Amino acid sequence: MFKSKYDVIVVGGGHAGAEAAASSANLGANTLLVTMNLQTIGQMSCNPAMGGIAKGQIIREIDALGGYSGVVSDLTAIQFKMLNKSKGPAMWSPRVQSDRAQFALKWRELLEKTPNLDFYQDMVVGLIVENNIIEGVITGLGNKIYSKSVILTNGTFLNGLIHVGDKNFGGGRVGEKSSTGITADLEALGFASGRMKTGTPPRVDGRSLDYSVMEEQPGDLNPGKFSYLEKIKPLQSQTSCHITYTNSRVHEIMANSFDRSPMFNGSINSTGPRYCPSIEDKINRFSEKDRHQIFVEPEGLNTVEVYVNGFSTSMPEDVQHSAIKEIKGFENVKFFRPGYAIEYDYFPPTQLKLTLETKLVENLFFAGQINGTTGYEEAAAQGLMAGINAVSKVFSREPLILTRSEAYIGVLIDDLITKGTEEPYRMFTSRAEYRTLLRQDNADIRLTEKSFNIGLASEERLAKVVDKQNKVKNFVSFFEQTSFDLNEVNEILGSVGYDPVPQKGKLAKIYSRPNIKQEHINKLKSVKNYISENALDVDVLEQTEIQIKYKGYIEKEKNNADKLQRLEDIKIPDNFDYEPLASLSHEAKEKLNKIRPSTLSQASRISGINPSDISVLLIKMGR
């Protein structure tokens, strides 16, 4: 029934599993995606949106590497917004509101069109491991399916337990059963496990809401997109979201029923996401606040179902309803389904290598919430990298490991493997020390060539990046070498509050001023002619502006990254023995033995490792 032996088996069809299966198959590996329900591949379990602060950068990186999340998001988007435009470009973050149903359908369609990819619907209940090497999986129907590598992307399904007030029942998502067996197998192999919690808000009937008393949140006037592919076009029409707020009456109703909340009565002991807390947690922790923001998000174009973002809760259904109807615009609300919390198993990611392969079992990879992360984007990024590196391992190729100065994906994986996490990990721009380099606008420049070299990104993608780079380089040179017309420039300077300049100079000097924007500089006759003659698009104009205005910041970060790269280039052998090094503290030896860093740079980021410890290792390495 099954091929004699697959190259890669992917367990789970969520965002991590879908990206893992796509990258593996597109790299030429015979791949099998095993999931409990083929109808929910790429399902948006929580809010119907992709991207956001730092997460939008990750989606653009996935797209630049040849993954599908950006393409699926664009093809099913109903609204696009670029967040943080009032700040510098390092903070700009794209976000799309998606049609939930169409999102999952498009994911399945793209996967079914992918060569080398088979599908099978069943629960994986066990692993086949011989001499600490993965050999395949065992399904609930008793099938043994053999493979050279396995990627586990189980999401919230591992021994999932759903809570609604004092009721709880097994499930990985409402209406779907949990996955059993894998945790026990992994623990028997020596893996440490833990429990985490996440939650989701009630879904309501949009026909029962009064939008007229809410704040409308339309999309951008000139919407962008995630994918760098030319054939993917921006939205032509958009759907609005809305904002409303909780109030003291909502807080009072919730607080009076805290004794019925599984979060407070001891039913839930696991750790939830710090940066996306439930409404009862927010009311409890921030009791001084008299209101909290609620985002009213449509689930799609052809449904009246609405996602109440900001009202995640596991309170009893009657308390949820009593409280939510006190929110402005929700007075006559009707529930489609209540909110709930879910607890699930995860495995601390310090048990992985930077390739996402486990240290204990060869050719076994973990990706997504099994590693303690939260969010579609973080899961998809791990799935993509696990798929790439599983194929690299099977075909004896060099792995793809992104550094912290190359991608947010590099920051994500390095944080997980080097520092671990005891709460659901979420990406923020503040986690990246080189965020000026890791902008959403240059993900293609940073990553496409790397992906092309391993056989994932297409020639079309690479050609587009090379063309963009050349056009930007030439346009920057034009500004640095071209003198401006004094009258033209002084007219523009005066329009934005600057004093006139007394003599001619180069255009770049004028463009680098903070208040001189693209729309101002493009009015100059010489600039307008250059843009027209060279058919420059919006991406080139934006990239050129950033390169000129932030040149000093970019060069400074590049220099810092280059210094760090020197430590990154010093490899630590897999079997390196730290015990004979008398100058290393006991704590340093303990942590180095636990994490087993692959480079001196990674070792320097481990909590508890001091500069003196790195000096000892430098001397030992002969540096």
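See above for the structure.
The sections below set out a description of the structure shown in this document. (Residues numbered from 1 in each chain as written. Predicted model: local features only at pLDDT ≥ 70, side-chain atom pairs only at ≥ 80, totals over all residues. Heavy atoms only, no water.)

1. Considering the overall build of the protein chain
For clarity, the cut-off: Helix numbers and strand numbers start at the N terminus; a helix is a DSSP run of H or I with at least 4 residues, a strand a run of E with at least 2. Just to be clear, the radius of gyration here is over C-alpha atoms, and the globule rule we use is 2.2 Å times residues to the power 0.38. Classification of residues uses two cut-offs on accessible area relative to the type maximum, computed with a 1.4 Å probe and protein chains only: under 20% is buried, over 50% is exposed, and between them is partly exposed. We call two residues in contact whenever any of their non-hydrogen atoms come within 4.5 Å of each other. Computed with a 1.4 Å probe, the accessible areas rest on the Shrake-Rupley method; for each residue, only the protein chains presented here act as cover. When charges are counted, neither His nor the chain ends are considered; positive counts come from Lys and Arg and negative counts from Asp and Glu. For this purpose, a charge sits on NZ of Lys, CZ of Arg, CG of Asp or CD of Glu.
Helix and strand counts for the protein chain stand at 21 helices and 20 strands. Taking 2.2 N^0.38 as the reference for a compact globule, 623 residues should give roughly 25 Å; the C-alpha atoms of the protein chain span a radius of gyration of 26 Å, in line with that estimate. When burial is assessed residue by residue, the protein chain has 57% of its 623 residues classed as buried. Considering only contacts within the protein chain whose residues lie at least 6 apart along the sequence, 72% involve residues at least 24 apart. Summing over all exposed atoms, the protein chain offers an accessible surface of approximately 26,300 Å²; the carbon and sulfur share of this is 47%. Charge separation in the protein chain, taken as the distance between the mean sites of 74 positive and 76 negative side-chain charges, equals 3 Å.

2. A look at the packing of aromatic side chains
Condition: In this analysis, rings of Phe, Tyr and Trp, with Trp reduced to its six-membered ring, are considered paired at centre separations within 6.5 Å, and the interplanar angle assigns stacked below 30 degrees, edge-to-face beyond 60, and tilted for intermediate values.
Scanning the entire structure with this criterion turns up 13 aromatic pairs. Seen in terms of ring centroids, phenylalanine 475 and phenylalanine 478 are 6.0 Å apart; in terms of plane orientation they differ by 20°. Their pairing is stacked. Placement of both phenylalanine 475 and phenylalanine 478 in helix H12 (residues 459-481) is noted, with a separation of 3 residues, approximately one turn of the helix. The interplanar angle of 5° and the centroid separation of 5.0 Å between the aromatic rings of phenylalanine 475 and tyrosine 530 together place this pair among those described as stacked. Pair noted here: phenylalanine 475 is in helix H12 and tyrosine 530 is in helix H16 (residues 525-533), with a separation of 55 residues, a long-range link.

3. Section: the pattern of salt bridges
Formally: Between Lys or Arg on one side and Asp or Glu on the other, a salt bridge is scored when a side-chain nitrogen of the former is within 4 Å of a carboxyl oxygen of the latter.
Applying the stated criterion to the full structure yields 35 salt bridges. The residue glutamate 362 makes a salt bridge to lysine 393 at a minimum N-O spacing of 3.2 Å. Residue glutamate 362 is found in the loop between strand E19 (340-346) and strand E20 (364-366), and its partner lysine 393 is found in helix H9 (residues 376-394); the two are separated by 31 residues along the sequence. We classify glutamate 362 as partly exposed; its relative accessible area is 35%. A relative accessible area of 29% places lysine 393 in the partly exposed class. Residues participating in the shared-partner salt-bridge network are Arg404, Asp414, Asp415, Lys419, Glu433, Glu568 and Arg605.

4. Overview of the nonpolar core
Put simply, the rule reads: Side-chain atoms within 4.5 Å are what join buried Ala, Val, Leu, Ile, Met, Phe, Trp, Tyr and Cys residues into a set we call a nonpolar core.
Counting residues in hydrophobic clusters, the biggest one holds 99 residues, and the most contacted among them are Leu152, Leu364 and Ile409. Looking at which element gives the most residues to this core, the answer is H9, with 10 residues.

5. Some points on the sheet that holds strand E5 (residues 93-98)
Rules: The pairing criterion for strands is at least two bridges between them, as found by DSSP. Under this scheme, a helix contributes an axis fitted over its contacting stretch, all axes are lines through C-alpha atoms, and angles between N-to-C directions fall in the 0 to 180 degree range.
Ordered by their spatial adjacency, 3 strands build an open sheet running E3-E5-E4, and the pairing between neighbours is antiparallel. Single-partner strands in this sheet number two, and they are strand E3 (49-51) and strand E4 (77-83). Within this sheet the neighbouring strands show an average axis-to-axis angle of 15°, counted without direction. Inspection of the sheet shows E3 paired to E5 by 3 bridges, in the antiparallel sense. Bridge pairing in E5 links alanine 49 to glutamine 97.

6. Thoughts on the packing of helix H2 (residues 55-64) against H9
Applied cut-off: These descriptions rest on fixed angle ranges, namely under 35 degrees for roughly parallel, over 145 for roughly antiparallel, 65 to 115 for roughly perpendicular, and the rest for oblique. Two helices cross in a left-handed way if the nearer one is turned anticlockwise from the farther one by less than a right angle. They cross in a right-handed way if the turn is clockwise.
Contact geometry for H2 and H9: axes closest at 9 Å, N-to-C directions at 25°. Taken together, H2 and H9 sit at an angle that is classed as roughly parallel. Note that H2 runs across H9; the crossing there is left-handed. Every residue of H9 that contacts H2 at Lys55, Ile58, Ile59 and Ile62 is listed here: Glu377, Glu378, Ala380, Ala381 and Leu384.

7. A look at the sheet that holds strand E10 (residues 161-164)
The antiparallel open sheet is built from 4 strands, whose spatial order is E11-E10-E19-E12. Bordering the open sheet on either side are strand E11 (167-170) and strand E12 (194-200), each of which pairs with just one other strand. On average, each strand axis in the sheet is inclined to that of its neighbour by 25°, with strand direction left out of account. Where E10 and E19 come together, 3 bridges link them in antiparallel fashion. Paired with histidine 163 across the strands is alanine 341, a residue of E19.

8. Here's the deal with H16
For clarity, the threshold we go by: Starting at the helix axis, one direction is taken to each C-beta atom, and the arc is that of these directions.
By the burial criterion, the buried members of H16 are Val527, Tyr530 and Ile531. The arc that holds the buried residues of H16, viewed along the axis, is 95°, so those residues lie on one side. In H16, those exposed residues whose orientation departs by more than 90 degrees from the buried face are Lys525, Ser532 and Glu533. Where the residues of H16 are buried, they touch H12, helix H14 (507-511), helix H15 (518-521) and helix H17 (538-549). Phi turns positive, to about 50°, at alanine 535, one or two residues after H16.

9. Some points on H9
Selection criterion: A helix is expected to span 1.5 Å for every residue after the first.
With 19 residues, H9 should cover 27 Å at 1.5 Å per step; its first-to-last C-alpha distance of 27 Å lies within 8% of that length. The buried fraction of H9 is high, at 18 of 19 residues. Serine 396 occupies a position one or two residues after H9 and carries a positive phi of about 55°.

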